[in-house]
Amino acid sequence: MHRRTFLQICSAAVGGLFVSTYSDVSSAQQPSPPTFPPDAFVHVRPDGTIVIQVNRLEFGQGTHTALPAILADEMDADWSHVVAELAPAADVYKDPVFGLQMVGGSASIPNSFQQYRELGAKTRAMLIATAAERWRVPADQCHTSNSVVTGPANQSARYADLASDAARRPIPDAVRLKTPSEFRLIGTRVKRLDSRAKCDGSQKFGLDLDLSGMRTALLARPPVFGARVKSLDDADARSVAGVQDIFEIPLVHGSAVAVVADKFWSAKQARDRLKVEWDLSGLERADSSRLWTQYKSLAHSAGKIAVQRGDDRTIDLIPPANRIVAEFEFPYLAHAPMEPLNATVRFDGDRAEAWVPSQAQTLDQVAIAEVLGLKPEQVTFHTEYAGGGFGRRTPLDSHIPHEAAAIAKRMRGVPIKLVWTREDDVQGGYYRPMFAHRVEMGIGDDGMPTASKHVIVGQSWMIGSGNAFEPFLVKDGVDQLAIEGTADTRYAIPNFHVSAHHPTVNVPVLQWRSVGYTHNTFVMETLVDELAERAKMDPIAYRLRLLAADAKKLRAPLILLQERTATWRHNLPRGHAAGIACSEYHETGVACAVDVSIENNRPRIHRAAVAIDVGVAVNPLTIESQCQGGVIFGLSQLMAKAAITLKEGHVEQRNFDGFQLPYMKDTPPTIDVHIVPSGDKPTGCGEPPVPAIAPAVVNALFRLTGKRYRTLPLSTL
Amino acid sequence: MPAYTLNVNGRQTEVMADASTPLLWVLRDDLKLTGTKYGCGIAACGACTVLVGGVASRSCVLPISLLGERSVVTIEAMATDPVGRRVQDAWVATDVVQCGYCQSGQIMTAVALLKAVPKPADAQIEQSMGGNICRCGTYVRIRQAIRNAAQPG
């Protein structure tokens, strides 16, 4: 059968699942020519190497190992010969639930577990069918193990020797998947496939791209968000050796001056010598202290109603002595992935090629195509490895590829690598929004809350963004991301009222790892801790009592945490205290305990423990690493210099001096991870460990200082 | 533009560069040694750490004109360095990396530590690694990998 015919049949039979994409691909990270279907995902090379395509970005979270392991398990592939590659943009690689090629919401495993299992099982079935036909034996008498099919008379054939014949077979519609007892890789501590390359310097990230004729571009970005270039004097800048061109480009908000040079340093020197006057007319000059005044005032009145359960007037009937009124402040936060932002684009007139550490290939490809006046399919789009993301590469407006394309448009035929310096990143906006919360909570005679009125104030990510998810994430004028962690609380509070204000502010915002839970969980978990304290109950026992009957995703980790940490929590040295918090994110439950003391007027965290319920633990080693990393990421909210602040429209921090991330000494030397044994469908683990740690730490601090901490970052104790 | 003769990973090489060019960008853009990473440009994150004259140094703030005769050793040479190889193997065995972007700098810093102090105490590890940021938060495993690499035999 002709290959093209075969591919068309596959396409028709399985709804496009196995469409080959290799003919569109031509780059350094090009998948090897497919030699075996389902060739968009699995290639068996003649030497036995099995190349598995990963349909989403790897930026630390480990799907580059987990998804191939899932497929290889069902395929009975020899894991020691499996290689993973990041797939380019193509319809076949769209997330089966989102309908876009992207990673987000810690959804890689929940959304693609079944997909990769079926791909592996179908591949295995086709290999078996080929061997069975060769040996003229029934397929059900053949077995597979480590990339070898074995027949009833002990015949054996390597996958590599069967692959080209197997490629001509029809793809089965339905296949039997393994029972959990048959798993060899799923559920085991599979080490990362990308470790060695990331330890010897050979792993190429987007910023490391080196193409023939490539130029580096930096942007002189507006000093106030949305400003436009009024006048430009580039004479001095053009005198820098290596500078190729300097021109203005439109940004998503405002405009910027692009400097294109042979290397980074010449581009940087030239940029430093530009004399740019900016047009700031009509622009709001956002100012943190003014915003706090506005936000706190807004928080005194109800906003758009998000949740209304029971009677919201109940709270007014509760005597003041049985009420807690609490106000919280959360600043803008920067994501600061260690690899500075970048994107590379070459425009050839009737088509283009892009190399992007992209969190959403589908949307970034469209953004580039729009800038260049092309159709998305005219943009060959390669996925580059990314040095972290944490939300900063979320494509709410795809502004990074947009900027790279706008420069490339002026430099036809030249690959343009746009690089953001660290200063560009820290000052460039797209932060976790500021939030103010005001909560009134009424407490019954039994110490349990009877009513809560909760007002949340902060910019919406989604309203007016035009993003693909906007229709799903905005309900009755409330951005569901801003209220998650409060609105969906598993605590059973009978009279429960949540409302939100979404002021418009001239500061671009983006989701930050665990999104709305970053502030909502802090509010809920510090208040519940306060309630437990008032009730003179153990903080875990109190939470277990307050949880709704069906909150099993939190109950199990809390109980596990209680068992595994009891010894150290109840035997802390003098001057130490334990703190507890829990959080459920997209059906993953997390409970956290910390051991904290105070050193130099800062919290010193000696130990943290996380208990997590992710359903089936696909890779316990990755889950452990994500929990450890998530705890440390969550701690970055508490750093003394964690905040991004604005003064009259200008960001006050520049780099890792005025803005600080946790260093090793700021983090616990021990982070124990306890995984709840479960047979439930797998859920995510990248974001869920983040929200609980910060409230756990301040809950411990309360036990040391008697103070409740409701303003972040923690400036003084 | 002046010419500079460098000794990088044991090889003599000549580059033409502006005197102010940080060693980092000579390594990355001229010598194509992209294992050394740009993170902040102000010596605050450690992603650009290399050995200069045997000392762990921030290549992002070292102008090429001030390098002088000192040798430069980068992550690309670690696989053939006995301590470097041991550290890399410990990193892989401990499954340290996540995004991996900072790890060249982490490993170079750890190698410098272990060359100076073969069996560092935990406090020495924390002090020596104290200027290297890992945004993924792999610090627990970095500590463990250094302890493992320091074990004899």
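1. Regarding the packing of aromatic side chains
Residues and elements named next belong to chain A.
Step number 1: The tally for this structure, following the rule as stated, stands at 17 aromatic pairs over all chains.
Step number 2: Considering the side-chain rings of Phe-98 and Phe-469, the 5.6 Å spacing of their centres and the 90° angle between planes classify their relative orientation as edge-to-face. Taken as a pair, Phe-98 in the loop between strand 3 (82–86) and helix 3 (108–135) and Phe-469 in the loop between strand 20 (449–458) and helix 13 (470–473) lie far apart in primary sequence, 371 residues in all.
Step number 3: Within the aromatic cluster, the residues linked to one another by ring pairs are Phe-41, Tyr-93 and Tyr-116.

2. Some points on helix 17 (residues 552–569) of chain A
Residues and elements named next belong to chain A.
Step number 1: When the terminal C-alpha atoms of helix 17 are compared, their 24 Å separation across 18 residues agrees well with the 26 Å that a helix rising 1.5 Å per residue should span.
Step number 2: At Glu-563, helix 17 is bent by approximately 40°, the largest bend along its length.
Step number 3: For helix 17, the full list of buried residues reads Lys-553, Leu-554, Pro-557, Leu-558, Leu-560, Leu-561, Thr-565, Trp-568 and Arg-569.
Step number 4: Residues of helix 17 that are buried in the fold lie against helix 16 (539–546), strand 24 (577–585), strand 25 (588–599), strand 26 (602–613) and strand 30 (670–675).

3. Details of the interface of chain B and chain A
Step number 1: Chain B puts 52 residues into the contact, and the matching count from chain A is 62 residues.
Step number 2: For the pair chain B and chain A, the summed buried surface comes to about 4800 Å²; carbon and sulfur atoms form 57% of the total.
Step number 3: Summed over the three residues of chain B that lose the most area to chain A, namely B:Asp95, B:Gln98 and B:Arg135, the buried surface amounts to 17% of that side.
Step number 4: At the boundary of chain B with chain A, the tally comes to seven salt bridges.
Step number 5: Where the side of chain B that touches chain A is concerned, the elements lending two or more residues are helix 1 (23–30), helix 2 (82–93), helix 3 (103–116), helix 4 (122–128) and helix 5 (139–150) of chain B.
Step number 6: At six residues, helix 2 of chain B tops the list of elements feeding residues into the side of chain B that touches chain A.
Step number 7: Grouping the amino acids of the side of chain B that touches chain A by side-chain chemistry returns 24 nonpolar, 14 polar and 14 charged.

4. Notes on the pairing of strand 15 (residues 342–347) of chain A
Residue and element names in this part refer to chain A.
Step number 1: The element strand 15 is extensively covered by neighbouring structure, given that five of its six residues are classed as buried.
Step number 2: Pairing between strand 15 and strand 18 (residues 416–419): four bridges, direction antiparallel. Paired with Ala-343 across the two strands is Leu-418, which belongs to strand 18.
Step number 3: Sheet topology places strand 15 next to strand 16 (residues 352–356); four bridges connect them, and they run antiparallel. Bridge pairing links Thr-344 to Trp-355 in strand 16.
Step number 4: In textbook terms, the turn of a hairpin is the stretch between consecutive antiparallel strands, and for strand 15 and strand 16 this stretch comprises four residues, one of which, Gly-349, has a positive phi near 90°.

Cut-offs applied
Residues numbered from 1 in each chain as written. Chains lettered and ligands numbered in written order. Predicted model: local features only at pLDDT ≥ 70, side-chain atom pairs only at ≥ 80, totals over all residues. Heavy atoms only, no water. Phe/Tyr/Trp six-rings, centres within 6.5 Å; stacked < 30°, edge-to-face > 60°. Helix = DSSP H or I, 4+ residues; strand = E, 2+ residues; numbered from the N terminus. Expected span 1.5 Å × (residues − 1). Bend = angle between axes of the 7 residues up to and from the residue. Buried < 20%, exposed > 50% of the residue type's maximum accessible area, 1.4 Å probe, protein only. Contact = heavy atoms within 4.5 Å. Buried area = accessible area lost by both parts, 1.4 Å probe. Salt bridge = Lys/Arg side-chain N within 4 Å of Asp/Glu carboxyl O. Nonpolar A, V, L, I, M, F, W, Y, C, P; charged D, E, K, R; others polar. Pairing = 2+ DSSP bridges.

Treat this as a map of the structure, not an account of what it does.
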